[in-house]
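Now for the letters of each chain:
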Amino acid sequence: MPRTPEPPPSGPDLARHDAMIQRHKRVVLGAAATTFVIFMAFPILTSFTGALDGVADGIGAGYAAGLAVILLPLLAAVAYRRWTSRIEDGGPR
């Protein structure tokens, strides 16, 4: 069943709502910047350096790093969505 929209906050709730929005912006922008830097570092490290040339137990370091570059943002997105759902539902922060 779809949730009905809540009325806009007012008074002290407005300040709390604004603070929550600011916190979400900081988290999202910080996560986006971190993901971008790590994602862009991967092709640079694999193309221009030998940093990811190693092999451990038959698995190349470049393959492991590539898998991490793909999976870590997905795991972070799941964690972020769970965190925001808990906040929106009035759970612990």
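Residues numbered from 1 in each chain as written. Predicted model: local features only at pLDDT ≥ 70, side-chain atom pairs only at ≥ 80, totals over all residues. Heavy atoms only, no water.

## A few points about the packing of aromatic side chains
So, step 1. Under the definition given, this model contains one aromatic pair.
So, step 2. An angle of 50 degrees between the planes, with centres 5.8 Å apart, marks the rings of Y80 and W83 as tilted. You can see Y80 and its partner W83 sitting in helix α2 (residues 61-88), three residues apart, about one turn around the helix.
So, step 3. Given the relative accessible area of 19%, W83 is considered buried. (Phe/Tyr/Trp six-rings, centres within 6.5 Å; stacked < 30°, edge-to-face > 60°. Helix = DSSP H or I, 4+ residues; strand = E, 2+ residues; numbered from the N terminus. Buried < 20%, exposed > 50% of the residue type's maximum accessible area, 1.4 Å probe, protein only.)

## What to know about α2
So, step 1. Helix length check: α2 (28 residues) gives 40 Å between terminal C-alpha atoms against 40 Å at 1.5 Å per residue, within 8%.
So, step 2. Of all the bends in α2, the largest measures some 25 degrees and sits at L71, one to four residues before the proline P73.
So, step 3. For α2, the full list of buried residues reads G62, A65, G66, V69, W83, T84 and I87.
So, step 4. Contacts made by the buried residues of α2 are with α1 (12-48) and β2 (59-60).
So, step 5. Phi turns positive, to about 85 degrees, at G90, one or two residues after α2. (Expected span 1.5 Å × (residues − 1). Bend = angle between axes of the 7 residues up to and from the residue. Contact = heavy atoms within 4.5 Å.)

## With respect to the side chain of H24
So, step 1. Mapping H24 onto the fold places it in helix α1.
So, step 2. Polar contacts involving the side chain of H24 include one to the side chain of Y80, which spans 3.1 Å.
So, step 3. Ignoring anything within four residues of it in the chain, the contact list for H24 reads Y80, W83, T84 and I87. (Polar contact = N/O pair within 3.5 Å; in protein donor to acceptor, adjacent residues only side chain to side chain.)

## Remarks on a nonpolar patch on the surface
So, step 1. Where nonpolar side chains cluster on the molecular surface, the patch consists of L67, I70, L71, L72, L74 and L75 and spans about 610 Å² of accessible area.
So, step 2. Within the element layout of this structure, L74 appears in helix α2.
So, step 3. Using a relative accessible area of 51% as the deciding quantity, one classes L74 as exposed. (Patch = residues over 30% accessible without salt bridge, like charges linked within 9 Å, V, L, I, M, F, W, Y side chains within 5 Å. Areas by Shrake-Rupley, 256 points an atom, 1.4 Å probe, with all protein chains shown as cover. Salt bridge = Lys/Arg side-chain N within 4 Å of Asp/Glu carboxyl O.)

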